[in-house]
Amino acid sequence: MEHSLKRKSPESGHHPLLNTFSLDDLNEDLLERVLSWLPTSSFFRLTSVCKRWKSASASASFKLACSRVPSRDPWFLMVAPSLNQSVVFDSAENNWKRLNHLHLSCEDSSISCIPVAASGGLVCYRKHSGDFVVCNPVTGSCSDLPPLHFAPENQPLNAVVMSTTSMDQVSYRIVLVFGELPNLLFKVYNSSSGCWEGEIALRRKVNDDDDNSMDCDSSDDNVVYFLSKAGTVVASSMQRSPSKQYSSVITNKDGHEIVYFLSSSGTVVACNLTYKCFFEYPRLLPVFSEYSIDIVECGGEMLVVLLSEFLESTSLRVWKFDEANRCWQQIAAMPAAMSQEWYGKKADINCVGAGDRIFICLNSPELCTYVLCDLVSNKWTELPKCCLNGEVMEFMSAFSFEPRIEASV
């Protein structure tokens, strides 16, 4: 009885199929489906395994199989202060990777292009001329968008956001918000039509309690939010990266498209693109408080990350706006033992959300740290330093995207 309960080994000869089975026995369709579930970082390695795998990785059906994988562990795109090199943090392998596949058609050099938005498997870059390029950072494929034919010197650009409408990234939109309060307008590029739509003005919503308040509620579709940065933020030479001056995120909730971006007046402003109006949220801190602030998207919600000092202590907290009670609600806080290290350092934070996690870059002239916050468990993990050519790199901006080889531009 004891012998009969034991699992027989393949060497016993009772399972000849197990003795001879290998991936070579799979037909092309099954092989491509198996390979499509490998981490994206394995894509360029699998091309050197054998001729059959290399051929499979180049086929259109393999890219189709990859598009059917529901989600990929995000990569966090980092940009050095000099803007001359890009590095990603691979959350699947918990390590840093250098991007060597970008060949942007910039006028002067790679410094002329900076990443300003990301969605799905694509990243949007802005040229020194003001025009935009959409790129797949994994494959390096790029596409220049049509010129804007817009005068940015007369209408300052506040936000650049990007959204994709399908898993295989066959369609995407880029929304720009121009102007200064109270004169705001927005402009949209749609990849389906391949052109920029005309500018649309936004009016101020005067009273939240009027009869039309539901018309401009934040749960309506096509609402744009932007968060301003006030006070003596970063009183050192370490300034916010140019690639984050349009700090903005986009969410899709119940089919409603909502955009958030960072500006300079100290309030969260909601701009409803459908009803062409905007309104302001209450301030998180008084105008003259000293703090660094950023916005992220997690789980379809806009969140605010705030690094502030009070009574000789430093705190880094995550906030969400409670629409029912019309107030800000704290949902996570960095442990005091970690945040106190930043007291008096005049640090700046650059953050990006992905799923239930927030990637936070803390920069000051003295320190540079990368932290990953899990909102579900409220776990805060300091990430390993990134070393290139034997030197520890410092980054000042972050964008998240899903590394997808099938994402086309």
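Rules used throughout
Residues numbered from 1 in each chain as written. Predicted model: local features only at pLDDT ≥ 70, side-chain atom pairs only at ≥ 80, totals over all residues. Heavy atoms only, no water. pLDDT = per-residue confidence, 0-100. Helix = DSSP H or I, 4+ residues; strand = E, 2+ residues; numbered from the N terminus. Contact = heavy atoms within 4.5 Å. Phe/Tyr/Trp six-rings, centres within 6.5 Å; stacked < 30°, edge-to-face > 60°. Core = buried A, V, L, I, M, F, W, Y, C linked by side-chain atoms within 4.5 Å. Buried < 20%, exposed > 50% of the residue type's maximum accessible area, 1.4 Å probe, protein only. Domains from an automatic or database assignment. Pairing = 2+ DSSP bridges. Axes fitted to C-alpha atoms, helices over the stretch in contact; angles between N-to-C directions. Polar contact = N/O pair within 3.5 Å; in protein donor to acceptor, adjacent residues only side chain to side chain. Salt bridge = Lys/Arg side-chain N within 4 Å of Asp/Glu carboxyl O.

### Details of the confidence of the model for the protein chain
Of all residues in the protein chain, 74% have pLDDT values of 70 or greater, and the mean over the chain is 76. Within the protein chain, strand S25 (residues 379–382) carries the highest mean pLDDT (93), whereas helix H1 (residues 2–5) carries the lowest (45). Long-range and interchain partners of residues 1–12, a stretch whose pLDDT sits below 50, account for 4 contacts in this model, where long-range means more than four residues apart. Contacts for the low-pLDDT stretch residues 208–222, under 50 throughout, to residues beyond four places or in other chains number 37 contacts.

### Some thoughts on the packing of aromatic side chains
Applying the stated criterion to the full structure yields 10 aromatic pairs. Ring geometry for Phe 132 against Trp 196: centres 6.0 Å apart, planes inclined by 50°, an arrangement best described as tilted. Residue Phe 132 is located in strand S6 (residues 132–135), and its partner Trp 196 is located in strand S11 (residues 195–196); the two are separated by 64 residues in the primary sequence. Three or more aromatic residues link up through ring pairs in this structure, and these residues are Phe 76, Phe 89, Trp 96, Phe 359 and Tyr 370.

### Let's talk about the nonpolar core
Within the largest apolar cluster, 23 residues are counted, with the highest numbers of intra-cluster contacts made by Leu 77, Tyr 125 and Phe 401. If you list the elements that add at least two residues to this core, you get helix H3 (28–35), helix H4 (43–46), helix H5 (51–57), helix H6 (60–67), strand S1 (75–79), strand S5 (122–126), S6 and strand S28 (397–401). Taken together, domain 1 (29–64) and domain 2 (70–205 + 224–401) each give at least three residues to this core, which thus spans both. Formed by 21 residues, the second largest nonpolar core is a distinct cluster that contains Ile 114, Ala 117, Ile 174 and Tyr 189.

### Considerations on the sheet that holds S28
The strand order across the open sheet formed by 4 strands is S3-S2-S1-S28, and the pairing between neighbours is antiparallel. Both outer strands of the open sheet, strand S3 (95–98) and S28, are each paired with one neighbouring strand and no more. For this sheet the average axis-to-axis angle between neighbouring strands, irrespective of direction, equals 30°. For strand S2 (residues 86–90) and S3, the ladder comprises 4 bridges, and the chain directions are antiparallel. Across the sheet, the residue bridging to Phe 89 is Trp 96, located in S3.

### Quick notes on the sheet that holds strand S24 (residues 368–374)
Strands sit in the order S22-S23-S24-S25 across an open sheet of 4 strands; the sheet is antiparallel. Only two strands of the sheet have a single partner each, and these edge strands are strand S22 (348–354) and S25. Neighbour-to-neighbour, the strand axes of this sheet turn through a mean angle of 20°, independent of strand direction. Pairing of S22 with strand S23 (residues 357–363), which is carried by 7 bridges, proceeds in the antiparallel orientation. Bridged to Ala 354 within S23 is Arg 357.

### Here's the deal with H6
Each α-helix winds once per 3.6 residues, and so residues spaced three or four apart point in a common direction. Of the positions making up H6, those classed as buried are Phe 62, Ala 65, Cys 66 and Ser 67. In this structure, the buried side of H6 is in contact with H3, H4 and H5.

### Regarding the side chain of Lys 127
Looking at where Lys 127 falls in the secondary structure, it is placed in the loop between S5 and S6. Accessibility expressed as a relative area gives 15% for Lys 127, which makes it buried. Of the polar contacts made by the side chain of Lys 127, one reaches the side chain of Asp 144; its length is 2.8 Å.

### Digging into the pattern of salt bridges
Here the structure, examined in full by the defined rule, presents 7 salt bridges. Glu 402 is the salt-bridge partner of Arg 404, the closest N and O atoms lying 3.3 Å from each other. Looking at Glu 402, the relative accessible area reads 23%, which means it is partly exposed. With its nearest N and O atoms 2.7 Å apart, the salt bridge here joins Arg 404 to Glu 406. Beyond isolated ion pairs, a larger network of salt bridges with shared partners links Asp 90, Glu 93 and Lys 97.

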